[in-house]
Amino acid sequence: MKHVESLRSSVSKNAMLTTMEMVEKLKKFLDPEVELLLTRFMKKGLDANTFISEEVKRGLTCVCTNCSENKTIPALINLSNTKSIPGKINLIVCFDSIIEKNGNKIFNVRDVDKLIYALVSFMFDSANDVRLDAKSCFCKLYQSCLDPNELLKILQIGLNEAI
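Keep in mind the model is a prediction, meaning the values are calculated, not measured.

## A look at the overall build of the protein chain
Each helix and strand counted, the protein chain has eight helices and zero strands in total. For the protein chain, the α and β elements follow one another from N to C terminus as α-α-α-α-α-α-α-α. A compact globule built from 163 residues should have a C-alpha radius of gyration of about 15 Å, and the protein chain, at 16 Å, falls within 12% of that. Once the C-alpha set of the protein chain is aligned to its principal axes, its extents read approximately 50 × 35 × 25 Å. Classification of the 163 residues of the protein chain by burial places 44% in the buried group. A separation threshold of at least 6 residues defines the contact pool for the protein chain, and within that pool the share at least 24 residues apart is 68%.

What follows is the structure, given as structure tokens:
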């Protein structure tokens, strides 16, 4: 894992590819390491190098797709206070992966309300790219819910808590 943060882009990319392969094979056995994996990928995602940032998005998607939501969502919520635009976009990529993975069962996932609140806060971000990606992800969330009232109820609870 430490080579993911290497300054040599080829070393870093190969470390990410190896980590992704490991995550795909071990799946939920890596749940205890999810926070470390996501933190390392998010940190590397701040790199301006497109070669690396695309690999980071693939790595984050891999972790969110193969590991348990009960571990990934709380880890992502802990990372959601980032100020960087690439960090926020990478979080939205993770949210999108979780929504896509669970489909219409997304509302049965623990802590989905926190994911929704973070996504809504990104919809009002000052950066246009963050807002657009968050809105697109929210549309996927809305399309995946069988009962729109369920989503409305979560949003109303969040609004009441915010006031």
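## What to know about helix α3 (residues 50-66)
Its 17 residues give α3 an end-to-end C-alpha distance of 24 Å, which sits within 8% of 24 Å, the value for a rise of 1.5 Å per residue. Buried within α3 we find Ile 52, Ser 53, Glu 55, Val 56, Gly 59, Leu 60, Cys 62, Val 63, Cys 64 and Asn 66.

## Notes on the pattern of salt bridges
Enumeration according to the criterion identifies seven salt bridges in this entry. With a shortest N-O distance of 3.8 Å, Arg 110 and Asp 111 are connected by a salt bridge. Asp 111 sits in the buried class, given a relative accessible area of 17%. Its salt-bridge partner being Asp 111, residue Lys 114 comes within 3.6 Å of it at the nearest N-O pair.

## Topic: the nonpolar core
Grouped burial of nonpolar side chains is what soluble globular proteins tend to show. Among the nonpolar cores identified, the biggest contains 46 residues, and Leu 38, Leu 76, Phe 95, Ile 106, Phe 107, Ile 116 and Leu 141 are the most heavily contacted of them. Those elements giving two or more residues to this core turn out to be α1 (9-26), α2 (34-44), α3, α4 (69-79), α5 (85-102), α6 (112-123), α7 (128-144) and α8 (148-162). Not counting residues within four places of it along the chain, the set of residues in contact with Leu 141 comprises Ile 99, Ile 106, Phe 107, Ile 116 and Leu 151.

Basis of the calculations
Residues numbered from 1 in each chain as written. Predicted model: local features only at pLDDT ≥ 70, side-chain atom pairs only at ≥ 80, totals over all residues. Heavy atoms only, no water. Helix = DSSP H or I, 4+ residues; strand = E, 2+ residues; numbered from the N terminus. Rg over C-alpha atoms; globule rule 2.2 N^0.38 Å. Buried < 20%, exposed > 50% of the residue type's maximum accessible area, 1.4 Å probe, protein only. Contact = heavy atoms within 4.5 Å. Expected span 1.5 Å × (residues − 1). Salt bridge = Lys/Arg side-chain N within 4 Å of Asp/Glu carboxyl O. Core = buried A, V, L, I, M, F, W, Y, C linked by side-chain atoms within 4.5 Å.

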